[in-house]
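# Breakdown of the fold
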Amino acid sequence: MYDLLVIGGLGVDVRVRVPALPLPAADSVTVDPIELRIGNTGAGVALAAHALGLRVAVLDVLGADPVGDVVRAALARTGVHAVLAADPAGTRRSVNLVDPAGRRMSLYDPRPWRGPAPFTSAELAGLVRDAAHVHLSIMDWTLDLLPALRTGLAPGAAISTDLHDWDGTNPYHRPFAEAADLVFVSGVRLDATAGQVAAALAPRTVVVTRGASGAELHPGARSVPAAAPPAPVRDTNGAGDAFAAGLIAARLRGAALPDAAAYAARVAAAACTHDGMEYPPGLLPRL
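Read on for a plain summary of the structure. (Residues numbered from 1 in each chain as written. Predicted model: local features only at pLDDT ≥ 70, side-chain atom pairs only at ≥ 80, totals over all residues. Heavy atoms only, no water.)

## Notes on the sheet that holds strand β6 (residues 93–98)
Defined as follows: When DSSP locates at least two bridges between a pair of strands, those strands are taken to pair. Here a strand is any run of E in DSSP of at least two residues, a helix any run of H or I of at least four, and the numbering for each starts at the N terminus. The angle between two axes is taken between their N-to-C directions and runs from 0 to 180 degrees, where each axis is a line fitted to C-alpha atoms and a helix contributes only its stretch in contact. Residue contacts follow a heavy-atom distance rule, with two residues in contact if any of their heavy atoms lie within 4.5 Å.
With mixed pairing, 4 strands are arranged side by side in an open sheet as β3-β2-β6-β7. Because the sheet does not close on itself, it has two edges, and the strands there are β3 (35–39) and β7 (104–109). Strand-to-strand twist across the sheet, computed as the mean angle between neighbouring axes with direction ignored, equals 25 degrees. Where helix α2 (residues 66–78) meets the sheet, it contacts β2 (11–17), β3 and β6, and its direction lies at approximately 60 degrees from that of β3.

## Things to note about the packing of helix α1 (residues 41–51) against helix α7 (residues 239–252)
The condition is simple: Just so you know how the angles are binned, under 35 degrees is roughly parallel, over 145 roughly antiparallel, 65 to 115 roughly perpendicular, and the rest oblique. The hand of a helix crossing depends on one turn: near helix anticlockwise from the far one by less than a right angle means left-handed, and clockwise means right-handed. When residues are grouped by polarity, Ala, Val, Leu, Ile, Met, Phe, Trp, Tyr, Cys and Pro land in nonpolar, Asp, Glu, Lys and Arg in charged, and all others, Gly among them, in polar.
It is at 8 Å that the axes of α1 and α7 come closest, and there the two elements cross at 45 degrees. Of the possible angle classes, the one that applies to α1 and α7 is oblique. In this structure, α1 meets α7 at a crossing whose hand is right-handed. Each of Thr 41, Gly 44, Val 45, Ala 48 and Ala 49 in α1 lies in contact with α7, whose residues at this interface are Asp 241, Ala 242, Ala 244 and Ala 245. Considered class by class, the residues forming the contact of α1 with α7 number 6 nonpolar, 2 polar and 1 charged.

## Describing unusual backbone geometry
Note the cis peptide between Leu 21 and Pro 22, where omega equals 0 degrees. Looking at where Pro 22 falls in the secondary structure, it is placed in the loop between β2 and β3. For Asp 191, which is not a glycine, the phi torsion comes out positive at approximately 50 degrees. Within the secondary structure, Asp 191 is located in the loop between β10 (182–186) and α6 (194–200).

## Topic: a nonpolar patch on the surface
For the record, the criterion: Patches here are clusters of residues that have more than 30% relative accessible area and form no salt bridge, with a 9 Å joining cutoff for like charges and a 5 Å cutoff for nonpolar side chains (Val, Leu, Ile, Met, Phe, Trp, Tyr). Methods summary: accessible areas were calculated by the Shrake-Rupley approach with a probe of 1.4 Å, and residue burial reflects only the protein chains presented. For this document, the term salt bridge refers to a Lys or Arg side-chain nitrogen within 4 Å of an Asp or Glu carboxyl oxygen. Relative accessibility decides the category of a residue: with a 1.4 Å probe and only protein chains considered, values under 20% of the type maximum give buried, values over 50% give exposed, and everything between is partly exposed.
Taken together, Val 95, Met 105 and Leu 107 make up a surface patch of nonpolar side chains, about 240 Å² in accessible area. Mapped onto the secondary structure, Leu 107 falls in strand β7. Given a relative accessible area of 43%, Leu 107 falls into the partly exposed group.

## What to know about the packing of aromatic side chains
Filter applied, for reference: Between rings of Phe, Tyr and Trp, where Trp is taken as its six-membered ring, a pair exists when centres lie within 6.5 Å; planes separated by under 30 degrees are stacked, by over 60 edge-to-face, and by other angles tilted.
Per the counting criterion, the structure on display carries 3 aromatic pairs. Between Tyr 172 and Phe 176 the ring centres are 5.5 Å apart and the planes differ by 50 degrees, which places this aromatic pair in the tilted class. Classification of Tyr 172 as partly exposed rests on a relative accessible area of 29%. On the basis of relative accessible area, Phe 176 is assigned to the buried category, the value being 0%. A centroid spacing of 6.4 Å and a plane angle of 90 degrees characterise the contact between Phe 184 and Phe 243, whose relative ring orientation is edge-to-face. Of this pair, Phe 184 sits in strand β10 while Phe 243 sits in helix α7, placing them 59 residues apart in sequence. Using a relative accessible area of 2% as the deciding quantity, one classes Phe 184 as buried.

And the structure:
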């Protein structure tokens, strides 16, 4: 049994520390050492959940390339169980520009999946039925498998997904929301329409994240204040994924939703004090 199965969202982040965002116009800018490491949203949730003590498995496609080797090595170091299919297009990657305050801008190369789904419905069901919770990244290859995902859940298990910077209307995101019980979505593009979008997703629980401004729980528009980082902020990349992992972990351990969200805010704040997603023991607070 796994506490958490993360589906999709593995990749590599190329982290570049820049003097400011947006970058000044120039032919070249001297920066700190540029690092290549495991990243993207599925990795962020899986590694934070593992650091919080959950038994974690991840299912995804990965390129047979040096970039993919970075991901495989990181997963091996943590002991997260990985079920991987080869992706001929190569491994997903992002270039993350991070300013001195830890804010970031991500340039995402999704490497779209081509051809039939890399896993059969039976293969997916075999993993899903052994998970207490399933977190679904909005990967294109999962769309045809969504019905099998829902029907394969163990009794009492739940599904979450992160719609990231959804605008509330793009039809691509809706099947993922409709398959889930718990929906995370950034408030960046929703702004004042967040309540309306959340109401349209009822009866699902919707968590609208707003970075340093905290989050909102729907239904009810209950505010969740951001937590103060316990040390200087080094990198906000992955903070939203750490928030999701914290909330999932707390709910699995029986916490009420408001308490779980407050704990998740503490986890996200602690994650911002570390450079990267491979969190050292003791960095992320336990319940």
